[in-house]
Amino acid sequence: MTDDTTAASALRGPIAKPGILDIAPYVGGKSAIAGITEPMKLSSNENALGAGEKAREAYAAAMANIHLYPDGRATKLRAAVAEHHELEPERLIFGNGSDEVFALLNQTYLTAGDNIVTGQYGFLAYRISAKANQAEVKLAPEPGYKAEVDALLEQVDERTRFVYVSNPSNPTGSYNSGEEIRRLHAALPSSILLVVDEAYAEFVVEPDWETAFPLARDAANLVVTRTFSKIHGLGGLRIGFGYAPLAVAEAVDRIRLPFNVSVPGLEAATAALGDEAHQKASRDLVQTWRPRLTQAIRGFGFEVMPSAGNFVMVRFPDEARNATAANDYLNGKGIIVRAVGGYGLPDCLRITIGTEDQNRAVIDALSEFAAR
Ligand SMILES: *Cc1c(COP(=O)(O)O)cnc(C)c1O
């Protein structure tokens, strides 16, 4: 090596592992509009009611202990989750958000050249950490904006280690029935992990939807994840969990950072689980306004996908009144929604179901936008 190349590489700095710089940076929901002091943030599927009183009290009380490291086993939260969902405590994986659970699973099982399979519009978090592990992402077409069992299975090959399904799905709002999830699981070899992300489980009303917890109980290759970010309104605290086969939970635990969930997070999440009133109020708000928003926006001539989550995805097929124009118009009214071009849905916007006032503001704004 000549002195010249040494100097040049010193200036260039370290080189990221293969694939890292091919990952498109994650762009979260926008949270500000220039010139508007208190915008309505309907861009990240946060809980419109905020966190419940019990969680906020527990968070405040935890202040006395923030000099202490958290309990790395999350013993109290573990017991509370196990009891609430009737799960074996030792099979739970806690993460800094369920995003971290996906990342830990990927880090535990993926090596270069492996792949994960997910739907065309599948949640981006699965894909980012897969690529960070030099794995490929194989996307199954979702012509109906919904993950299809056969299309997913068609993508599976000898290097597939994971199939990821969010059920209900973000950003489309679609869901898979219990029967579909069982059929998908039954068709996969036991060496491939099926991850069913149930972040929006609590908002579902469709009778053929089922949680995959019972299916996971006797499976060697099924992980079900849940989060405290949506129904419990604790997105800012970053807590989620997975219910995994014991061998998977134990493998993941070897690479999990010892103190990955914070002291206030553990306390607030434990309290939130016991706050049935806040969970019910959060569910009721969504279940009341989801059909109203859907119907109203459809009435303006836009397409609204049926949603099982706390949000709706709206498609603007019109060339003039397109999604970008709608987004700008809503921004002008102080309403922030989510553009989903990053998911390959440039003609759609995802709108979180808000409080009554916020939902009425969305309806009014889109009514005006349609009439322009
Ligand atoms: C919001 C969301 C989550 C939750 O992520 P956290 O990291 O737990 O906040 C998981 N999956 C999907 C599909 C989501 O939309």
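Everything here concerns the structure above.
Residues numbered from 1 in each chain as written. Predicted model: local features only at pLDDT ≥ 70, side-chain atom pairs only at ≥ 80, totals over all residues. Heavy atoms only, no water.

## Let's talk about the nonpolar core
As a rule of thumb, soluble globular proteins bury nonpolar side chains together. Applied cut-off: Among buried residues, those of type Ala, Val, Leu, Ile, Met, Phe, Trp, Tyr and Cys that are joined through side-chain atoms within 4.5 Å constitute a nonpolar core. Throughout this description, buried means an accessible area under 20% of the type-specific maximum (1.4 Å probe, protein chains only), exposed means over 50%, and partly exposed covers the range between. For helices the rule is a DSSP run of H or I covering at least 4 residues; for strands it is a run of E covering at least 2, with both sets numbered from the N terminus onward. Whether two residues are in contact is decided by their heavy atoms, any of which lying within 4.5 Å being enough.
Residues Phe228 and Leu234 are the most contacted members of the largest nonpolar core, which totals 42 residues. Examining the composition of this core, we find that five residues originate from one element, helix α10 (residues 263-273), more than from any other. Discounting chain neighbours no more than four positions away, the residues touching Leu234 are Ala51, Ala55, Phe228, Ser229, Ile239, Ala268, Ala269 and Ala272. Within the second largest apolar cluster, 33 residues are counted, among which are Ala199, Phe311, Val312 and Phe316.

## Let's talk about the sheet that holds strand β2 (residues 92-95)
Note the following rule: Two strands are counted as paired when DSSP detects at least two bridges linking them. Helix axes are fitted to C-alpha atoms over the stretch in contact, other axes to C-alpha atoms as well, and angles between N-to-C directions run from 0 to 180 degrees.
Pairing in this open sheet of seven strands is mixed, and the strands run β2-β8-β7-β6-β5-β3-β4 from one edge to the other. Only two strands of the sheet have a single neighbouring strand rather than two, namely β2 and β4 (136-140). Neighbour-to-neighbour, the strand axes of the sheet open up by a mean angle of 20 degrees, direction not taken into account. Relative to β4, strand β3 (residues 115-119) runs parallel, the two sharing five bridges. Considered in β4, the bridge of Ile116 is made with Val137.

## Thoughts on the pattern of salt bridges
Side chains that differ in sign of charge can pair as their charged atoms come close. Formally: Any carboxyl oxygen of Asp or Glu within 4 Å of a side-chain nitrogen of Lys or Arg constitutes a salt bridge here.
Counting across every chain of the model gives 19 salt bridges. A salt bridge links Asp114 to Arg159; the shortest N-O distance between them is 2.8 Å. Within this pair, whereas Asp114 is found in the loop between α4 (98-109) and β3, its partner Arg159 is found in the loop between α6 (149-155) and β5 (160-166), the two being separated by 45 residues in sequence. For Asp114, a relative accessible area of 4% translates into the label buried. A salt bridge links Lys138 to Asp157, with the nearest nitrogen and oxygen atoms 3.1 Å apart. You can see Lys138 sitting in strand β4 and its partner Asp157 sitting in the loop between α6 and β5, a full 19 residues away along the chain. The partly exposed category is assigned to Asp157, whose relative accessible area is 27%. Ionic contacts of the salt-bridge type, sharing partners, join the residues Arg73, Asp253 and Arg256 into one network.

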